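# Secondary and tertiary structure notes
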Amino acid sequence: MTNVREASFELFRRAGMTTMFGNPGSTELPMLRDFPGDFRYVLGLQEAVVVGMADGFSQASGAPTLVNLHTAPGVGNAMGAIFNAQANHSPLVITAGQQVRAAMTMQANLTNRDAARMPHPLVKWSYEVPRAEDVPAALGRAAHLANLPPKGPVFVSIPMDDWDADVDDGAVGHAIERTVTGRAGADPAAVAELAKRLADAKSPVMVAGPDVDASGAWDEAVALAERQRLPVWAIPAPGGGRIGFPESHPNFQGVLPPAIAPVSQTLEGHDFVLVVGASVFSYYPYIPGPLLPEGASLVVITSDPDEAARAPMGDALVADVKLTLDALLDSVGEADRDAPPERPSPDEPPDSDPMSGTEAMRALAGVWPEDAIAVVETPSSTAALRNQIRISRPGSYYFAAGGGLGYGLASAVGVQIAQPDRPVVCVIGEGSVQYAVSAFYTAAAYDVPLTVLVLRNSEYAILKWFATFEQVEGAPGLDLPKLDTAEIADGYGISSRRVEGAEELQSAMREAIASPKPELVEAGVAPGMWLA
Ligand SMILES: Cc1ncc(C[n+]2csc(CCOP(=O)(O)OP(=O)(O)O)c2C)c(N)n1
């Protein structure tokens, strides 16, 4: 007879989930007993880091990913990262240990009193298994749900004495063998209607979002933009966890501003807005105004029914983005509109000492390898990065769509593990590093050849910008004097160096990116926000 552990690992194996990110405790050890040689366990030293790494790994590998946390306190530590994973549509199968069944009612130490309720609003399904023998079926259900659109995290709490229980081999055999596919095509009538609206529009525009990348639809998005002569914008940066259109393409216009009134001002002159693979829109800060330019209409293509339902304007078509673009391409011909205007090349920023965030990003652009992947958490320089570095390959940009810090450093480790042959560069503020600082340990311990570029401005620059915007004076806690990230990373075993100015940054980054080990470059930058 097979036990729960054997059956569960066989189920993981069949589903391709052989990498597990975790931080173990006594309640998880029974799951990890005789850990199979064909599985890989990636240790994170704190649970927000564990989930952040798994988030990056699942997005960059395109597969559901296993996470193992330590009962209530482990899940508690992970909540901010689960919030980000939900916003990123990352299919994480999060498991947590639980006290033995006999000791739960008396609430022995570490009992998770209400395990399923704890992460409930942040996951697609939250469950504690009623009978030991149902664990493999629950894990199968969790994995299928996580991977169905909209993809996202799920949670299963598993009492620690379940792992050695026997299962019903017949029933478990079915659970292990089942496959569930979920890429649904669009209603042909809706596609025909959309094709007509596009063809009839005088001046249509496309807005590309993260699900273009996640669904593998870059070629279709480019083909549609070229055929219909569409100018293309990226969705506003706060919600833009991934890039869905080559930013060096002549049709590409830039990144939409993140607030209501500026979005409609930017889209002024267009009568039809086609949003592809995104929510409409992840606005912040609140600057009220018309949702669309006068006379314009909007259609969004999204695989997420909730994104479709909650959009404040426009019509929505819920279906797989790639399949829908394919179908749309079959229905639209060559447009005879003028080609869109070309986006100007970025200006050369003036020299300053310390260098500005814009100078730092321009210097980085000069040494950026064509196949590099950017993982970005540098709030005051994100706009400068998007302007200076024109990312133009699929799967090359990751950002926390949820807005919670701690994603950047952790997910960069996971992205690099999933993509060992591409250089991964994490560009991050020194304040942001601290939310996932122990990710340095995993990078060093597992020889993950990540490069981290820390922009050190000794402050929470973006919060000072927000304070001005919100007319808040005298707010405490916005400066970070003497925070020495290079020294901290050194302590975790990461080789680190400090640079000042564009030239030093370039030579340090060239070396760091070429190194087969994790490296950190800490660059001094001037305080302030860098938008150009
Ligand atoms: C978990 C979490 N806590 C707090 C914040 C609020 N927050 C947003 S940006 C920021 C400052 C980040 O500082 P740093 O990385 O140095 O970037 P800078 O603004 O200086 O570019 C803070 C604290 C957040 N987004 N997420």
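Presented here is an overview of the structure given in this document. Computed from a predicted structure; not experimentally measured.

### Section: the sheet that holds strand S9 (residues 252-255)
In spatial order, the strands read S9-S8-S7-S10-S11-S12; together these six strands make up an open sheet with parallel pairing. The open sheet has two edge strands with one neighbour each: S9 and strand S12 (315-318). On average, each strand axis in the sheet is inclined to that of its neighbour by 20 degrees, with strand direction left out of account. Bridge analysis of strand S11 (residues 297-302) against S12 gives four bridges, and the strand direction is parallel. Residue pairing across strands places isoleucine 301 opposite leucine 317, the latter belonging to S12. Across the face of the sheet, helix H8 (residues 188-200) comes into contact with strand S7 (204-208), strand S10 (272-276), S11 and S12 while running at roughly 140 degrees to S11.

### Considerations on the nonpolar core
Judged by nonpolar contacts, the single largest core of 64 residues is most densely connected at Leu224, Leu328 and Leu453. Residues contacting leucine 224, with those up to four places away along its chain left out, are Leu198, Met206, Arg229, Leu230, Leu274, Leu325, Leu328, Leu329 and Val332. Ranked by size, the runner-up nonpolar core spans 54 residues in total, among them Val75, Val433, Ala443 and Val452.

### Remarks on H8
When the terminal C-alpha atoms of H8 are compared, their 18 Å separation across 13 residues agrees well with the 18 Å that a helix rising 1.5 Å per residue should span. Along H8, the residues that are buried comprise Val191, Leu194, Ala195 and Leu198. Axial view of H8: buried residues confined to an arc of 100 degrees, hence all on one face. Exposed side chains of H8 directed beyond 90 degrees from the buried face belong to Ala189 and Asp200. Taken together, the buried residues of H8 touch S7, helix H10 (218-228), S10, S11, S12 and helix H13 (321-331). Two to three positions downstream of the cap, the backbone nitrogen of alanine 189 sits 3.0 Å from a side-chain oxygen, assigning the N-cap of H8 to aspartate 187.

### Comments concerning the pattern of salt bridges
Inspection of every chain in the model, using the stated rule, returns 27 salt bridges. Residue aspartate 164 is joined to arginine 5 by a salt bridge in which the shortest nitrogen-to-oxygen separation is 2.7 Å. Here the residue aspartate 164 occupies a position in the loop between strand S6 (154-159) and helix H7 (169-177), and arginine 5 occupies one in helix H1 (residues 4-14), the gap between them amounting to 159 residues. Take aspartate 164: its relative accessible area is 43%, and that puts it in the partly exposed class. For arginine 498, the salt bridge goes to glutamate 522, with nearest N and O atoms at 3.4 Å. Of this pair, arginine 498 sits in strand S17 (residues 495-499) while glutamate 522 sits in strand S18 (residues 519-524), placing them 24 residues apart in sequence. Connected through salt bridges with shared partners, the residues Arg456, Asp484, Glu487, Arg498 and Glu522 form a single ionic network.

### Some words on the sheet that holds S17
Taking strand neighbours across the sheet as the criterion, the six strands line up as S14-S13-S15-S16-S18-S17 in an open arrangement whose pairing is parallel. This sheet does not close on itself; its edge strands, each paired only once, are strand S14 (397-399) and S17. Going from strand to strand, the sheet's axes swing by 20 degrees on average, the running direction of each strand aside. In terms of strand pairing, strand S15 (residues 424-429) meets strand S16 (residues 451-456) through five bridges, oriented parallel. Its bridge partner lying in S16, valine 427 is registered against leucine 453.

### Here's the deal with the site of the ligand
Inspection of the region around the ligand gives 16 residues, with Ser380, Ser432, Asn457, Glu459 and Ile462 positioned closest. Residue serine 432 places a side-chain N or O atom 2.6 Å away from an oxygen atom belonging to the ligand. In isolation the ligand has 590 Å² of accessible area, and contact with the protein removes 78% of it. Among the elements of the structure, helix H17 (430-433) and helix H19 (461-469) are those that each provide at least two residues to the shell around the ligand. When its residues are assigned to classes, the shell around the ligand shows seven nonpolar, seven polar and two charged.

### A look at the pairing of strand S13 (residues 373-377)
Most of S13 is tucked away, with five of its five residues classed as buried. Both S13 and S15 contribute to a ladder of five bridges, which runs parallel. The residue bridging alanine 374 from the neighbouring strand is valine 425, located in S15. For S13 and S14, the ladder comprises three bridges, and the chain directions are parallel.

### A short note on the pairing of S6
With six of its six residues buried, S6 lies for the most part within the structure. Here S6 shows no split at all, with Val154, Val156 and Ile158 on one side and Phe155, Ser157 and Pro159 on the other all buried. Taken together, the six bridges between strand S4 (residues 92-98) and S6 define a ladder with parallel strand orientation. Among the inter-strand pairings, valine 93 is bridged to a residue of S6, identified as valine 154.

### Focus: the packing of aromatic side chains
Applying the stated criterion across every chain yields a total of 14 aromatic pairs. Where phenylalanine 9 meets phenylalanine 35, the ring centres are 5.9 Å apart and the plane angle is 90 degrees; that geometry is what we call edge-to-face. Highlighted residues: phenylalanine 9 in helix H1 and phenylalanine 35 in the loop between helix H2 (29-32) and strand S2 (40-43), separated in sequence by 26 residues. Residue phenylalanine 9 is classed as buried on the basis of its relative accessible area of 4%. Take phenylalanine 35: its relative accessible area is 26%, and that puts it in the partly exposed class. One aromatic cluster in this structure is built from Phe9, Phe12, Phe35, Phe39 and Tyr41. Above the ring of tyrosine 127, the side-chain terminus of arginine 141 is found at 6.0 Å from the ring centroid. Of note, arginine 386 hangs over the ring of tyrosine 397, and the distance from its end group to the ring centre comes to 4.8 Å.

Analysis parameters
- In this convention, every chain numbers its residues from 1, walking through the sequence in written order.
- In view of the model being predicted, local features appear only for residues whose pLDDT reaches at least 70, and side-chain atom pairs are presented and counted only at 80 or more, with totals across whole chains, interfaces and linings using the full set of residues.
- Calculated side-chain values reflect all of the structure's heavy atoms, with hydrogen atoms and water omitted.
- By the convention used here, strands pair only if DSSP detects at least 2 bridges between them.
- We count a stretch as a helix when DSSP gives it H or I for four or more residues in a row; a strand needs E for two or more, and each element gets its number in order from the N terminus.
- Each axis is a line fitted through C-alpha atoms, and for a helix only the stretch in contact is used; angles between axes span 0 to 180 degrees, taken between their N-to-C directions.
- In what follows, a contact means two residues having at least one pair of non-hydrogen atoms within 4.5 Å.
- Definition of nonpolar core: a set of buried residues of the types Ala, Val, Leu, Ile, Met, Phe, Trp, Tyr and Cys, connected through side-chain atoms within 4.5 Å.
- Partly exposed residues are those whose accessible area sits between 20% and 50% of the maximum for their type, while under 20% is buried and over 50% is exposed, using a 1.4 Å probe and protein chains only.
- An expected span of 1.5 Å times one less than the residue number is assigned to each helix.
- Picture the helix axis, draw a direction to every C-beta atom, and the arc is the one those directions span.
- Any N or O atom pair separated by 3.5 Å or less is treated as a polar contact, with the protein-specific requirement of one donor-capable and one acceptor-capable atom, and with residues adjacent in sequence counted only for side-chain atom pairs.
- Take a side-chain nitrogen of Lys or Arg and a carboxyl oxygen of Asp or Glu: if they are within 4 Å of each other, that pair is a salt bridge.
- Any residue with at least one heavy atom within 4 Å of a molecule or strand is counted as near it.
- Residue burial considers only the protein chains on display, and all accessible areas are found by Shrake-Rupley using a 1.4 Å probe.
- Each residue is assigned to one of three groups, with Ala, Val, Leu, Ile, Met, Phe, Trp, Tyr, Cys and Pro labelled nonpolar, Asp, Glu, Lys and Arg labelled charged, and all others, Gly among them, labelled polar.
- For Phe, Tyr and Trp, rings pair up if their centres lie within 6.5 Å, where Trp contributes its six-membered ring, and each pair is then called stacked (planes under 30 degrees apart), edge-to-face (over 60) or tilted (otherwise).
- The rule is short: NZ of Lys or CZ of Arg within 6 Å of the ring centre and within 35 degrees of the ring normal puts a charge over the ring.

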